[in-house]
Amino acid sequence: MTVTVQPTGVTAADVAAVARAQAPVRLALSTVDAMERSRAIVDGIEREGRPVYGVSTGFGALANTFVAPERRAELQHALIRSHAAGVGDPMPREVVRAMMLLRVRSLALGRSGVRPLIAQALVDLLNHDVTPWVPEHGSLGASGDLAPLAHCALVLLGEGWVLDKSGARVDGGEALHRAGLRPITLAAKEGLALVNGSDGMLGMLLLAIDDAGHLFTMADVTAALAIEAMLGTDRPFQPELHAIRPHPGQAVSAANIHRLLQASGIMDSHRNDMVHAVQDAYSMRCAPQVAGAARDTLAFAAQVAGRELASVVDNPVVLPDGRVESTGNFHGAPLGFAADFMAIAAAEVGAISERRVDRLLDVCRSRDLPAFLSPDPGVNSGLMIAQYTAAGIVAENRRLASPASVDSLPTSGMQEDHVSMGWAATVKLRRVLDNLTSLLAVELLSAVRGLQLRQPLRPSPAGEIAIATVREFAGDPGPDMFLAPVLERARATVRGRAMLRTVEEAIGPLA
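Keep in mind it's a predicted model, so treat the numbers as computed, not measured.

Caption draft 1: View of the sheet that holds strand E4 (residues 131-132). Taken together, three strands build an open sheet; the order of strands is E4-E6-E7 and the sheet is antiparallel. Two strands lie at the open edges of the sheet, namely E4 and strand E7 (169-171), each paired on one side alone. Of the pairings in the sheet, the one linking E4 to strand E6 (residues 161-163) comprises two bridges and is antiparallel in character. Within E6, the residue paired with threonine 131 across the bridge is leucine 163.

Right under this line is the structure:
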């Protein structure tokens, strides 16, 4: 599909399509009109010689320094070069593409006072698959993502670095030439408009929201498989028990798990057994309470991201009545808070998953499964060290769940004396979700091993699908094997959507 950037902006689905599926982008004619009207106001200020921040003055602590008209284009170019001061490994291609589209979106709202060719130049980078090399470190999440956006803007000038398809760093001017594109020259206000926004933070938050929605559903799947393998009961997941505590996410998660556990010969085998059916451990019985709270946190983050998608995040902004006003709308506190909250929630979804894995592997608590899910424990260690790996990842997620947004370091000669650290919050949120993928992969493998070891009892339809999927790369329980590639395939299964689609085809949609 083609993503058309309107003067009203873009959607979260548009961002994912451009960032991850390389969807082409174009500017609507109405967007061009809105930008031209906004630019006309800046041109009028230029003619009148009025002192306006970022148009005829310096930036940050230099806001009171007047810049002569003949040097204002130089000012904009100097801004981009000086602000492209990041260090570290390059950000992933999808993050940079999301960030560029969101900067186009912000310019398209017609409040930045830039010519349409500036937005079109970013669109051209996206459509020609030219991805700027944006280092990880440099943004404090206030005044927007200055350094990351400057690294993107520098490529428009034929400078800076580009990340090629092999992951190597190439010269920006050379990359433009290869793509058949030419460098642009900035006019007053345009350099500032290219760097003053929350687009990196927002892009990472939107991608994380997309990932988390899928992973939280997969967490319900792996929880149900583990509960089934441990001869748990489905009674705590009945809808009437969650209606009396009406947290919406909890009800959704409980309904998912309850549906996943139906039509199971394993569950039927002990349904009236008082030893197994009285009360399960918290990691089993309280799965909806934890995963459901995470879903509610996700809903909050999605609400924040939706508001930001409708926001003008620039400074100064050009109002339709001709005023040019300074704002603080670039401050990343809303996004940083949401990302930190999501990281806490995702870390706990992973933590309770690891507790179920530990219970599955422990011969004293797994309800007659062999030690470490090996049919020949002693000579073989089964999945013992896979749980070690999961425990280490849980510990890392707990460190990453410490909020970045409570930190602040003043910059720019104390002009920018409070910053959001929203970039750091969204970067570490992505790491937490990647770790959650690994934790759910360990639970998927462990639960499937448990279900296989319950044979000849027949698992649920979801269990049968999981067994068939995992058997393709892990086989059946037997002698120890090289586990790292098995876990990589399990990670790919959790991250991908194929197994979940097959489960839903069998039992109906999961929320």
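Past the structure itself, the notes keep going.
Caption draft 2: Seen up close, the environment of asparagine 380. Its place among the elements puts asparagine 380 in the loop between helix H16 (333-361) and helix H17 (384-400). Note on asparagine 380: relative accessible area 13%, which makes it buried. For the pair asparagine 380 and aspartate 480, spaced 100 residues apart in the sequence, the C-alpha separation amounts to 5.7 Å. For asparagine 380, the residues in contact, after removing those within four places along its chain, are Ser374, Pro479 and Asp480. At 2.8 Å, the side chain of asparagine 380 and the backbone nitrogen of aspartate 480 are in polar contact.

Caption draft 3: Expanded view of the environment of arginine 72. Along the polypeptide, arginine 72 turns up in helix H3 (residues 72-83). When the C-alpha positions of arginine 72 and leucine 186 are compared, they lie 9.2 Å apart, and in sequence the two are 114 residues distant. Once you skip the residues sitting within four places of it in the chain, arginine 72 turns out to touch Glu46, Val55, Ser56, Phe66 and Val67.

Caption draft 4: Spatial organisation of the nonpolar core. By size, the foremost hydrophobic cluster in this structure holds 151 residues, and its most contacted members are Leu107, Leu194, Leu205 and Leu360. At 20 residues, the largest contribution of residues to this core is made by helix H9 (residues 199-229). Other than its neighbours up to four places away in sequence, leucine 360 contacts Ala226, Ala229, Met230, Ser366, Leu369, Leu373, Ser446 and Ala447. Ranked by size, the runner-up nonpolar core spans eight residues in total, among them Val42, Ile45, Val52 and Ala188.

Caption draft 5: Region of interest: the packing of aromatic side chains. As enumerated under the stated definition, the model contains one aromatic pair in all. Centre to centre, the rings of phenylalanine 300 and phenylalanine 341 are 6.0 Å apart; their planes meet at 55°, and the pair counts as tilted. Of this pair, phenylalanine 300 sits in helix H15 (residues 287-309) while phenylalanine 341 sits in helix H16, and the two are 41 residues apart along the sequence. Directly above the aromatic system of tryptophan 133 lies the positively charged group of arginine 169, at a separation of 5.0 Å from the ring centroid. The aromatic ring of tryptophan 161 is capped on one face by arginine 169, whose charged end is 3.6 Å from the ring centroid.

Caption draft 6: Just the side chain of asparagine 256, in detail. With respect to the secondary-structure elements, asparagine 256 resides in helix H11 (residues 248-260). A polar contact is formed between the side chain of asparagine 256 and the backbone oxygen of alanine 511, at a distance of 3.1 Å.

Caption draft 7: Spatial organisation of the environment of asparagine 329. Along the polypeptide, asparagine 329 turns up in the loop between strand E9 (324-325) and H16. The sequence separation of asparagine 329 and alanine 23 amounts to 306 residues, and the corresponding C-alpha distance is 29 Å. When neighbours within four sequence positions are excluded, asparagine 329 is seen to be in contact with Val312 and Val313.

Caption draft 8: Spatial organisation of the pattern of salt bridges. Throughout the structure, instances matching the rule amount to 32 salt bridges. Between aspartate 280 and arginine 367 there is a salt bridge whose closest N-O contact spans 3.0 Å. On the criterion of sequence distance, the pair formed by aspartate 280 in the loop between helix H13 (274-277) and helix H14 (282-285) and arginine 367 in the loop between H16 and H17 is long-range, its members being 87 residues apart. For aspartate 280, a relative accessible area of 4% corresponds to the buried category. With its nearest N and O atoms 2.7 Å apart, the salt bridge here joins aspartate 362 to arginine 365. Each of Arg20, Glu94, Asp210, Asp211, Arg430 and Arg497 takes part in a single network of salt bridges with overlapping partners.

The rules behind the values
- Residues numbered from 1 in each chain as written.
- Predicted model: local features only at pLDDT ≥ 70, side-chain atom pairs only at ≥ 80, totals over all residues.
- Heavy atoms only, no water.
- Pairing = 2+ DSSP bridges.
- Helix = DSSP H or I, 4+ residues; strand = E, 2+ residues; numbered from the N terminus.
- Buried < 20%, exposed > 50% of the residue type's maximum accessible area, 1.4 Å probe, protein only.
- Contact = heavy atoms within 4.5 Å.
- Polar contact = N/O pair within 3.5 Å; in protein donor to acceptor, adjacent residues only side chain to side chain.
- Core = buried A, V, L, I, M, F, W, Y, C linked by side-chain atoms within 4.5 Å.
- Phe/Tyr/Trp six-rings, centres within 6.5 Å; stacked < 30°, edge-to-face > 60°.
- Lys NZ or Arg CZ within 6 Å of the ring centre and 35° of its normal.
- Salt bridge = Lys/Arg side-chain N within 4 Å of Asp/Glu carboxyl O.

Function cannot be inferred from these measures alone, as they are strictly geometric.
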